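These are the residues of each chain, in order.
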Amino acid sequence: MTALALFATGVGPRPDGAFWTTAYDLVLYNAVYVGAACVCVLAARRAGRDRRAWAALATAITLGLVGNLVYTLVITRMDVEPYPSVADLFYLGYYLPLYVALVALIRARVTRFHTSMWLDGVVGALGAGAVAVAVMLGPALELTDGHTAAVLTSLAYPVADVVLLGLLVAAGAILGLRGDRTLLLLAAAIIANLGGDIVFLDLATQGIYVEGGPLDLTWLIAVTLMATAASADRTAAPAGGSATSRVGWRVVAVPLACNVASLVVLALDGGNRFNSAAAWLAVGCALAALARVAITFREVRAYNAVKAEARTDELTGLPNRRALLERATSVVAEASPDRPAALLLLDLDGFKEVNDSLGHHAGDSLLRQIGPRLVPALRGGDLLARLGGDEFAVVMPDATLDAAEGLAHRLRDLVLQPVTVEGIRLHVGVSIGVASTPVPAATVEELLRCADVAMYSAKTSRAGVHVYVPDPRGGTGDRLRTMEQLRTALGRDDQIEVHLQPQVDLRNGGVVGAEALVRWRHPVRGLLSPADLLPAAEQAGLLRPLADTVLALSLSAAASWWPSQEVPVSVNLSAANVTDLDLPGKVAQALVRHGLPARALTLELVEDTLMTDPERGQQVLGELRRLGVRTSIDDYGTGYSSLTYLRHLPADELKLDRSLTHDVAAEPRAAAIVRHTVALAHELGLSLVAEGVEDDQTAAVLADLGCDVAQGFGIAHPMPVADFRSWLAEARGSRVG
Ligand code: C2E
Ligand code: MG
Ligand code: MG
């Protein structure tokens, strides 16, 4: 800036002498270029989205600088100044990186750069070039009578300026970048260049250009404007840019205008040299525009197809999860307490059986029949989507909970109608969860989660339809937050832990096992027990990953004492684990990983656990026992149909529930039940563990009644792994019991 101002003082009359010429034309003039190049280099080194553009611009300015030096130091010192000269090579070279810079700037401002955008630039540039050559330059050159080379060189500068300007204006208008400061500054720079080049064209072709005049200011202003654009650029991340929409009249307006202009040029062409150049430019422009139209047509068609495909479920033709999420997002945004909206989550019952027994083809055919059946029941604005598998959802804008529940019942009745799949009449059920927004769910995620929780309740209670009601104890937010936090906790290694409670032999006091009981060291709520975390894990569908974590923690604990003391560890399973066909494989791998034999692990399950899917449960348990892992029936005496299960359940151990053991010292009836259960267990080849032993007296009575093993606060409370190891080491010295 300072150099520019100083140079400006010398454009009029200036002191004579070689010193002043050098100071002005060599030092000050080029100082502006050097400064501008430095600013661009600095901008390129900042991590912004336009860094490549600034690097190119720095190159352009450097080429200009070299041109200046060559011109001032070599050309002006010759007796006869040649024109064009080597300096012009650099000056013309300057336009190449400038073009690259402009394209880079435009590219950074659109999310996707289409082929058509290049063509838009070409159409704009050719059209503008045609008009410029015909209207401005043709007449200007007719006045001069310079050499062809000189004329062509001089012509090249303004034409290049016009082409770049055309590119910028066309792309800017099409992409809606009118307010972009960086591009505006560069456009101003090119206009300054253009002004200078037009005057220069006139002077140079007549051979009367002198260095250091006011004309030189135009180029310096141009360079300064470029540097300003670079230094003002503070865009950090490569954001999507403001121009994402390419739909509307804007897309065609500028190419169309350029085309019309070039057609006018063609029509007015008088046949002289320069107008024929203009005519060729116009023809090029028209051809490029034709190509552009063809490409636009293809792009729009492809765009629409892709857009529709991305939002459609392939199998059923219904909107898919993405479409549903988009719709739900706008519905949630518009919902208010006076105008609530709702979401229904539908999950078919018995779909798996159809798939398993009749094959996937039948399953697919069933899924395809759901949409046509349900859609007629929807209201105008409702959207039915398939989320995946046998899960569907309906978003209902502007719907009360009652309206949503009403629709849920109607949809359920429709699904319950018999379906014909491959000639077979079938009945499938559906469980529907209903949730509303903005209360209790304020976001799409919460809405989906609430509907999921409700759907799950509908499924387990077999009620068919369940409306999400916030938990009076914790509130929706709390329950949902707990589920989310548990998900996070399972991904880390510092929050889930197991506490170990010893089991001792009632005859000799030896330690024969340790039960692993899960604990969650919650960062805010402190140490949480299974009663707090298991329901959340179940609702969030996290029981399997939880079991994996507990298994790994338990086995790694056992591995730490196993070499010196062979005390097995017991791990509790829930229904979701026992029906997991992968469980035996996972257990086998975990044992190998920890270098433990199968007898180091006992798996406990409560008898009701097997109720969900007895056949599969027995298969899983059978495989585990074949591995050599022991199995134990936990809380025995609290469930129902105990005896039937005892008959079929492959197990090694029976754990008598605390409710049956803790009164044995005082109550003869309790003692009778224990005595006979012991006899039953031993008859079946099972060892009997008494749970909840809280004092020595009870332990003694249980030992008399024939129980094999005792576990309870009377022996030790569950404790962290490190404490248990010390306890174990001590117990080894002095037998407990
Ligand atoms: P459980 O398997 O019957 O475990 C014994 C429970 O009784 C433990 O409660 C233990 O702390 C408690 N207990 C032990 N001795 C006494 C006593 O003398 N008196 C009394 N009043 N209580 C005693 P906890 O740790 O709260 O576990 C509760 C239940 O949670 C367990 O009952 C088990 O069914 C389940 N559970 C624990 N850990 C896991 C796990 O990792 N996975 C699964 N699926 N369930 C688990
Ligand atoms: Mg247990
Ligand atoms: Mg128990």
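This write-up is about the structure you can find in this document. Here, residues in each chain are numbered from 1, in the same order as that chain's written sequence. To label them, take the chains in the order written and letter them from A, then take the ligands in the order written and number them from 1. Only residues with pLDDT of 70 or above have their local features reported here, since the model is predicted, and side-chain atom pairs are shown and tallied only from 80 upward, although totals for entire chains, interfaces and linings are computed over all residues. The side-chain numbers reported here are obtained from all heavy atoms of the structure, hydrogens and water having been left aside.

### Quick word on the overall build of the chain
No. 1: Secondary structure is summarised from DSSP: a helix means a run of H or I of at least four residues, a strand means a run of E of at least two, and numbering begins at the N terminus for each. Scanning the chain from terminus to terminus reveals 27 helices and 17 strands.
No. 2: Exposed residues in this analysis have more than 50% of their type's maximum accessible area, buried residues have under 20%, and partly exposed residues fall in between, with area computed by a 1.4 Å probe over protein chains only. Here the chain, with 737 residues, has 48% of them falling under the buried criterion.
No. 3: Here a residue-residue contact requires only that any non-hydrogen atoms of the pair lie within 4.5 Å. Taking the intrachain contacts of the chain between residues at least 6 apart in sequence as the baseline, contacts between residues at least 24 apart amount to 71%.
No. 4: Calculation of accessible area relied on Shrake-Rupley with a 1.4 Å probe; when residues are assessed, cover is drawn exclusively from the protein chains displayed. In the structure as shown, the chain presents an accessible area of about 34600 Å², 59% of it carried by carbon and sulfur atoms.

### Points about helix α21 (residues 583–593)
No. 1: Regarding α21, the residues found buried are L583, P584, V587, A590 and L591. Mapping the buried residues of α21 onto a view down its axis gives an arc of 130°, with all of them on the same face. The exposed residues of α21 that point more than 90 degrees off its buried face are Q589, V592 and R593.
No. 2: Contacts from the buried residues of α21 go to α19 (543–561), α20 (575–578), β12 (601–606) and α22 (614–627).
No. 3: Directly after α21, the chain includes G595, whose backbone phi takes a positive value near 65°. Each direction from the helix axis to a C-beta atom contributes to the arc, which is the arc of those directions.

### Comments concerning the packing of helix α3 (residues 51–75) against helix α5 (residues 95–108)
No. 1: Simply put, an axis is a line fit to the C-alpha atoms, just over the touching stretch for a helix, and the angle between two N-to-C directions goes from 0 to 180 degrees. Between α3 and α5, whose axes approach to 8 Å, the crossing angle comes to 160°. With respect to each other, α3 and α5 are oriented roughly antiparallel. The two elements α3 and α5 cross, and the hand of that crossing is left-handed. On α5, the residues that touch A53, W54, A56, L57, T59, A60 and L63 of α3 are P97, L98, V100, A101, A104 and L105.
No. 2: Residues are sorted three ways: Asp, Glu, Lys and Arg are charged, Ala, Val, Leu, Ile, Met, Phe, Trp, Tyr, Cys and Pro are nonpolar, and all the rest, Gly among them, are polar. A breakdown of the residues in the contact of α3 with α5 according to their chemical character gives 12 nonpolar, one polar and no charged. Should an angle fall under 35 degrees it is taken as roughly parallel, and over 145 as roughly antiparallel, whereas 65 to 115 is taken as roughly perpendicular and any remaining angle as oblique. Take the far helix as your reference; a near helix turned counterclockwise from it by less than a right angle gives a left-handed crossing, and one turned clockwise gives a right-handed crossing.

### Comments concerning the coordination of the magnesium ion (ligand 2)
No. 1: All of the protein donors around the magnesium ion (ligand 2) are E515 (OE), N572 (OD1), E604 (OE) and D634 (OD); their distances to the metal are 2.0 to 2.2 Å.
No. 2: On the primary sequence, the residues serving as donors to the magnesium ion (ligand 2) are separated as E-x56-N-x31-E-x29-D.
No. 3: Distances decide who is a donor: an N, O or S atom must be within 2.8 Å of the metal, or within 3.2 Å for Na, K and Ca. Water is not included, so sites may look incomplete. Between the two metal centres, the magnesium ion (ligand 2) and the magnesium ion (ligand 3), the spacing is 4.1 Å, with D634 acting as a shared donor. Of this pair, E604 sits in strand β12 while D634 sits in strand β13 (residues 630–636); the two residues are 30 residues apart in sequence, bridging distant segments of the chain. Taken as a pair, E604 and D634 share a single burial class, namely buried.

### Comments concerning the pairing of strand β8 (residues 496–505)
No. 1: With 10 of 10 residues buried, β8 is to be regarded as a mostly interior element.
No. 2: Of the two faces of β8, the one carrying I496, V498, L500, P502 and V504 and the one carrying E497, H499, Q501, Q503 and D505 are both buried.
No. 3: Looking at chain direction, β8 and strand β9 (residues 511–522) are connected through nine bridges and run antiparallel. Counted as the bridge partner of I496 is W520 from β9. Being paired, for any two strands, means DSSP has found at least two bridges between them.

### Comments concerning the pairing of β13
No. 1: Of all seven residues in β13, five are buried; the element is thus mostly enclosed.
No. 2: Relative to β13, β12 is paired through five bridges, and the arrangement is parallel. If you follow E604 over to β13, its bridge partner there is S632.
No. 3: When β13 meets strand β14 (residues 653–656), the two strands line up parallel, connected through three bridges. Bridging from a neighbouring strand, Y636 pairs with L656 of β14.

### Quick look at the packing of α3 against helix α4 (residues 86–93)
No. 1: Packing of α3 against α4 brings their axes to within 8 Å, and their N-to-C directions diverge by 165°. Relative to α4, α3 is oriented roughly antiparallel. In this structure, the crossing between α3 and α4 has a hand that is left-handed. From α3, L63, G64, V66, G67, N68, V70, Y71 and I75 reach across to α4, where they touch V86, A87, F90, Y91 and G93.
No. 2: Here the residues of the contact of α3 with α4 are counted per class, giving nine nonpolar, four polar and no charged.

### So, α22
No. 1: Between its terminal C-alpha atoms α22 stretches 20 Å, which fits the 20 Å expected from 14 residues at 1.5 Å a residue.
No. 2: Buried within α22 we find G617, V620, L621, G622 and L624.
No. 3: Summarising the contacts, the buried residues of α22 are in contact with α20, α21, β12 and β13.
No. 4: Just past α22, the residue G628 takes up positive phi, approximately 110°. Multiplying one less than the number of residues by 1.5 Å gives the expected span of a helix.

### A short note on the pattern of salt bridges
No. 1: Basic side-chain nitrogens of Lys or Arg form a salt bridge, by our definition, when they fall within 4 Å of a carboxyl oxygen of Asp or Glu. What the rule picks out here adds up to 22 salt bridges.
No. 2: The partner of D313 in a salt bridge is R386, and the shortest N-O contact between them spans 3.1 Å. On the criterion of sequence distance, the pair formed by D313 in the loop between α11 (273–310) and α12 (321–334) and R386 in strand β2 (residues 383–388) is long-range, its members being 73 residues apart. Just as D313 is buried, R386 falls in that class too.
No. 3: Across the salt bridge formed by D494 and R492, the nearest N and O atoms sit 2.8 Å from each other.
No. 4: Judged by its relative accessible area of 42%, D494 falls in the partly exposed class.
No. 5: By sharing partners, the salt bridges in this structure join E515, E604, K655 and E691 into a single network.

### Section: the coordination of the magnesium ion (ligand 3)
No. 1: Taken together, the protein donors to the magnesium ion (ligand 3) comprise D634 (OD), D635 (OD), E691 (OE) and E691 (OE), at separations of 2.0 to 2.6 Å.
No. 2: Each donor residue of the magnesium ion (ligand 3) lies on one chain, and together they are spaced D-D-x55-E.
No. 3: The exposure class of D635 is partly exposed, given its relative accessible area of 25%.

### Notes on the side chain of S554
No. 1: Within the element layout of this structure, S554 appears in helix α19.
No. 2: Looking at S554, the relative accessible area reads 0%, which means it is buried.
No. 3: If sequence neighbours within four positions are ignored, S554 has contacts with V498, A516, V569 and V571.

### Let's talk about the sheet that holds strand β1 (residues 341–349)
No. 1: On the basis of which strands lie adjacent, the open sheet formed by five strands has the order β2-β3-β1-β6-β7 and mixed pairing. What marks the edges here is a single partner per strand, and that holds for β2 and β7 (465–467). Direction aside, neighbouring strands of the sheet carry axes that sit 20° apart on average.
No. 2: For β2 and strand β3 (residues 391–396), the ladder comprises five bridges, and the chain directions are antiparallel. Within the sheet, the bridge partner assigned to A385 lies in β3 and is A393.
No. 3: Helix α15 (residues 401–416) rests against β1, β3, β6 (429–437) and β7 of the sheet, and its axis sits at about 165° to β6.
No. 4: Its contacts with the sheet place helix α16 (residues 444–461) against β1, β3, β6 and β7, and it is angled at close to 145° to β6.

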